[in-house]
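Reading the structure
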Amino acid sequence: MTAAREGMPDRTMLAEQTGKAGTARGAAVKPVVSPWTNLIACALVTDAPKMRPNPQGLGRVFNEVPELYDRVRPGYPDELFADLVAVTGVDEKSSVLEVGCGTGQATRSLAALGCSVTAIEPGLEMAALARHRISSFRNVAVETATFEEWDDRGRRFDTLVAASSWHWVDLSIGWQRAHDVLYPGGWMALLGHVVVRRPGEPEVYAETDDLHERFCPGNPDWGHPPLEDDVRTTDEGWGLVDDPGGLFGPTIVRWYPTVKWFNGDGFADHLRSLSLYRSLDRDVREPLLDAIAERIRTRMGDRASRCYLSVLRAGQRAE
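Below: a short report on this structure.

Analysis parameters
- Residues numbered from 1 in each chain as written.
- Predicted model: local features only at pLDDT ≥ 70, side-chain atom pairs only at ≥ 80, totals over all residues.
- Heavy atoms only, no water.
- Buried < 20%, exposed > 50% of the residue type's maximum accessible area, 1.4 Å probe, protein only.
- Helix = DSSP H or I, 4+ residues; strand = E, 2+ residues; numbered from the N terminus.
- Pairing = 2+ DSSP bridges.
- Right-handed = clockwise from strand over helix to strand, strands pointing away.

**So, the pairing of strand 2 (residues 116–120)**
- Most of strand 2 is tucked away, with four of its five residues classed as buried.
- As paired elements, strand 1 (residues 95–99) and strand 2 share five bridges and run parallel to each other. Within strand 2, the position partnered with V96 by the bridge is V117.
- Viewed along the sheet, the connection from strand 1 through helix 5 (residues 105–112) into strand 2 turns out right-handed.
- Where strand 2 and strand 3 (residues 140–143) come together, four bridges link them in parallel fashion. Residue I120 lies in a different strand from strand 3, and its bridge partner there is E143.
- Each parallel crossover has a hand, and the one from strand 2 via helix 6 (residues 124–133) to strand 3 is right-handed.

**Remarks on unusual backbone geometry**
- Phi angles above zero are rare outside glycine, and S164 is one such case at about 50 degrees.
- Within the secondary structure layout, S164 lies in the loop between strand 4 (157–163) and helix 7 (171–181).
- Looking at S164, the relative accessible area reads 0%, which means it is buried.
- In the Ramachandran plot, D302 falls in the positive-phi region, its phi being about 60 degrees despite a non-glycine side chain.

Written as structure tokens, this is what we have:
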């Protein structure tokens, strides 16, 4: 799930696009309201539409491509984990539960803090790769289960971390369970990425909206990423997910701008790892991604950026 959850999200899913396709090249971008617009405005994850049916099932698509997911999804900046430590007080004596660890991107950073980490991942292939990636750490255990069905065996934790994965959890169960597995005074921390655009900078969707419409016309999820300044206004609460009510206190929110660069083939691989594209039929997805890679090569000098705002949202367990 770390992404990423970029995924349902990077799981990391990438909240990728916000408006509808079809804007003429060179015309002003006018975002329209869609499930993706709402998701990105909440600025929590990477590519997970809030209104998709059976999100728990859709999240399993990442288990099909664990190596690709691990290679192309953005990691989390060191500053985010420094702030996590400062906010939650995590140290070598702390116990951390990670929900939806994916291939272990955030897990490795958590393990490097010296704390004890129990990581849960429902995808068998994702979990296997995570175990391989963190095999040098003796303070981490990866357990294969959904958070909803996981056997906690009476264990309790100081901090719960979900990196681009909490939107895949059934929150009618998840929030209460998160509260229950934390010690009094424990912390809940959601990590995520939002793809954004900046005025005047080249943006891949603006260069490829015609391709999206050609290969998959009328898809309501196609659209332009939101402006960075607009996303930064969503600095309260838990982002796209439903509020936990009185289970947790007020959130502390921190933003971290990052940029990831790709060539055409690399950008296509990146999209290939996202739930929005993985949910397409293969005979639609692959020609579309091949065309996007070719467009980046011919119109963008084979160099394309993905601008992100990574985010930390943390709140303390209420008594």
